[in-house]
Amino acid sequence: MTARREEIGPLDLEWRVCSVQPAAGGGVVAWLAVSPVADVESSAVGNGVLTLEETSVVARLRAKNSGERPALLPGDWIFDGGKQARVIERSVVLAPSSEVDVRVRCVEAGRWAHRTAADEGTFLSRGPANTSTRRSFVRTRERRATDQGEYRLDQREVWNTVESDLDRSGCRSRTSSYVTTLSGTRQHARVNVPWDANGVLALDGRGHGWLEVLPSVEHLAAAATTIIGSAELLPLGPALEETSSPWIDRVMASLWRAELEALATPFGTLGDHARLRARDLGGVRVMLGGAVAHLALGVELRA
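Reference entry: report on the structure contained in this document. All values reported here derive from a predicted model rather than from experimental measurement.

**What to know about the overall build of the protein**
Okay, step 1: Scanning the protein for helices and strands turns up 6 helices and 17 strands.
Okay, step 2: Per-residue burial over the protein gives 56% buried out of 303 residues.
Okay, step 3: Partitioning the intrachain contacts of the protein with sequence separation of at least 6 by distance along the chain shows that 65% fall at a separation of at least 24.
Okay, step 4: Here the protein has roughly 12800 Å² of accessible surface; of this, 49% comes from carbon and sulfur atoms.

**Things to note about the packing of helix α2 (residues 131-148) against helix α3 (residues 155-169)**
Okay, step 1: Close contact between α2 and α3 brings their axes to 11 Å; oriented N to C, the two are set at 160°. As far as their axial angle goes, α3 and α2 are roughly antiparallel. Regarding α2 and α3, the two cross each other, and that crossing is right-handed. Only Glu 157, Val 158, Thr 161, Asp 165 and Arg 168 of α3 make contact with α2, whose side of the interface consists of Ser 132, Thr 133, Ser 136, Phe 137, Thr 140 and Arg 143.

**Description of helix α5 (residues 217-227)**
Okay, step 1: For α5, the set of buried residues is His 219, Leu 220, Ala 223, Ala 224, Thr 226 and Ile 227. Around the axis of α5, the buried residues are gathered within 160° of arc, so they sit on the same side.

**Concerning the side chain of His 273**
Okay, step 1: Checked against the element boundaries, His 273 lands in strand β15 (residues 272-277).
Okay, step 2: Separated by 3.2 Å, the side chains of His 273 and Arg 90 make a polar contact.
Okay, step 3: One polar contact links the side chain of His 273 to the main-chain carbonyl oxygen of Leu 270, over a distance of 3.5 Å.
Okay, step 4: Discounting residues that sit within four places of it in the chain, His 273 has contacts with Arg 90, Ser 91, Val 92, Ala 262, Leu 263, Thr 265, Pro 266, Arg 285 and Val 286.

**With respect to the environment of Gly 268**
Okay, step 1: Examined against the element boundaries, Gly 268 turns out to sit in the loop between β14 (259-263) and β15.
Okay, step 2: On the basis of relative accessibility, which here comes to 47%, the residue Gly 268 falls in the partly exposed class.
Okay, step 3: Separated by 170 residues in the primary sequence, Gly 268 and Ser 98 place their C-alpha atoms 8.9 Å from one another.

**Some thoughts on unusual backbone geometry**
Leave glycine aside and you will find that most residues have negative phi; peptide bonds, for their part, are mostly trans.
Okay, step 1: Residue Pro 36 is bonded to the preceding Ser 35 through a cis peptide linkage, with omega at -5°.
Okay, step 2: Relative to the helices and strands, Pro 36 resides in the loop between β3 (27-35) and α1 (44-47).
Okay, step 3: The phi dihedral of Ser 97 falls on the positive side, at around 50°, and the residue is not glycine.
Okay, step 4: As for its position among the elements, Ser 97 is in the loop between β9 (92-94) and β10 (98-106).
Okay, step 5: Taking relative accessible area as the criterion, Ser 97 reaches 60% and is therefore assigned exposed.
Okay, step 6: In this model, Ser 176 sits at a positive phi of 55°, which is unusual for a non-glycine residue.
Okay, step 7: Here Ser 176 shows up in the loop between α3 and α4 (179-186).

**Re α3**
Okay, step 1: Here α3 is 15 residues long and its end C-alpha atoms lie 21 Å apart, about the 21 Å a rise of 1.5 Å per residue gives.
Okay, step 2: Buried residues of α3: Gln 155, Val 158, Thr 161, Val 162, Asp 165 and Leu 166, and no others. End-on view of α3: buried residues confined to an arc of 135°, all on one side of the axis. Those residues of α3 that are exposed and aimed more than 90 degrees away from the buried face are Arg 156, Asp 167 and Arg 168.
Okay, step 3: Sitting at the amino-terminal end of α3 is Asp 154, which places a side-chain oxygen 3.2 Å from the backbone nitrogen of Arg 156.

Parameters and conventions
- All residue numbers refer to positions counted from 1 along the written sequence of the respective chain.
- Per-residue local features of the predicted model are confined to residues with pLDDT of at least 70, and side-chain atom pairs are confined, for both listing and counting, to 80 or more; whole-chain, interface and lining totals are unaffected and use all residues.
- Side-chain measures were taken over the full set of non-hydrogen atoms in the model, leaving aside hydrogen atoms and water.
- Secondary structure elements are taken from DSSP: a helix is a run of H or I of four residues or more, a strand is a run of E of two residues or more, and numbering for both begins at the N terminus.
- Classification of residues uses two cut-offs on accessible area relative to the type maximum, computed with a 1.4 Å probe and protein chains only: under 20% is buried, over 50% is exposed, and between them is partly exposed.
- The contact rule is simple, with two residues in contact once any of their heavy atoms fall within 4.5 Å.
- Note on areas: Shrake-Rupley with a 1.4 Å probe; residue coverage comes only from the protein chains shown.
- For helices, the fitted axis covers only the stretch in contact; all axes are lines through C-alpha atoms, and the angles between them, taken along N-to-C directions, range from 0 to 180 degrees.
- Working rule for angles: under 35 degrees goes down as roughly parallel, over 145 as roughly antiparallel, 65 to 115 as roughly perpendicular, anything else as oblique.
- It is the rotation of the near helix from the far one that decides the hand of a crossing: anticlockwise by less than a right angle makes it left-handed, clockwise makes it right-handed.
- This arc is built from the directions going out from the helix axis to the C-beta atoms.
- Counting of polar contacts relies on pairs of N or O atoms within 3.5 Å, with two restrictions inside protein: one atom must be capable of donating a hydrogen and the other of accepting it, and residues adjacent in sequence are counted only when both atoms are side-chain atoms.
- By this rule the span expected of a helix is its residue count minus one, scaled by 1.5 Å.

So this is what it looks like as structure tokens:
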């Protein structure tokens, strides 16, 4: 199998397709090596370097980076605990040995109390929201940016998305917690991330899916189970000999045509943030020192 390397011009990045696997329903999963990559703590969310605490404001949590390197807190990541489960509104990079309040939205409408005294103030990462949920979040942010000039999530739309996902998955939650749907998704997934990959493009048979780039293979592995965990995106069998496909070519073409619009860097954090818009995809890119810290794009290829 010959590796395929291309520049993604508007994004100032280079991408190499490490391997391609067929997916259920006629889709495709392409594992990517994207560079240059920012030097950030890539597993901070799960190893105690980055912690979250409640504040006096429902829509904000206090993030603390106790490490000696910048740390990425990815947008759309779900955190369970505290007084209710939350989703991170936008990706942020925290400076070393710093703390800052970050914007979040509630994904557990039926709880506003600590479950027990033991878990007071404790939040656990549950990884990213499901791919279909994240595409819905992209559309919500785009509408709000158009209507109100703010690239943010709307709480009512988030609750509606959570309820729809709970109904669709058949999951039951006394507190309407989105976390319940994640355990159902991951039961289907058996994901092996190539050692040299830090990104993935996962598309179903309709050309709908997700493109994500993270700082390391370890961070990608923590997210991949959810990104491609649904039955429609589950990889089938070994890698293909050919590293190109019509789906991949169309996504590349959309990336070349994409427009970048600068977003304000969240207060007290690092990096250059931009909103990416194209006909078939949309999302955000976070750069640090000219290197990618996070790229997260919903993809809906049109006929």
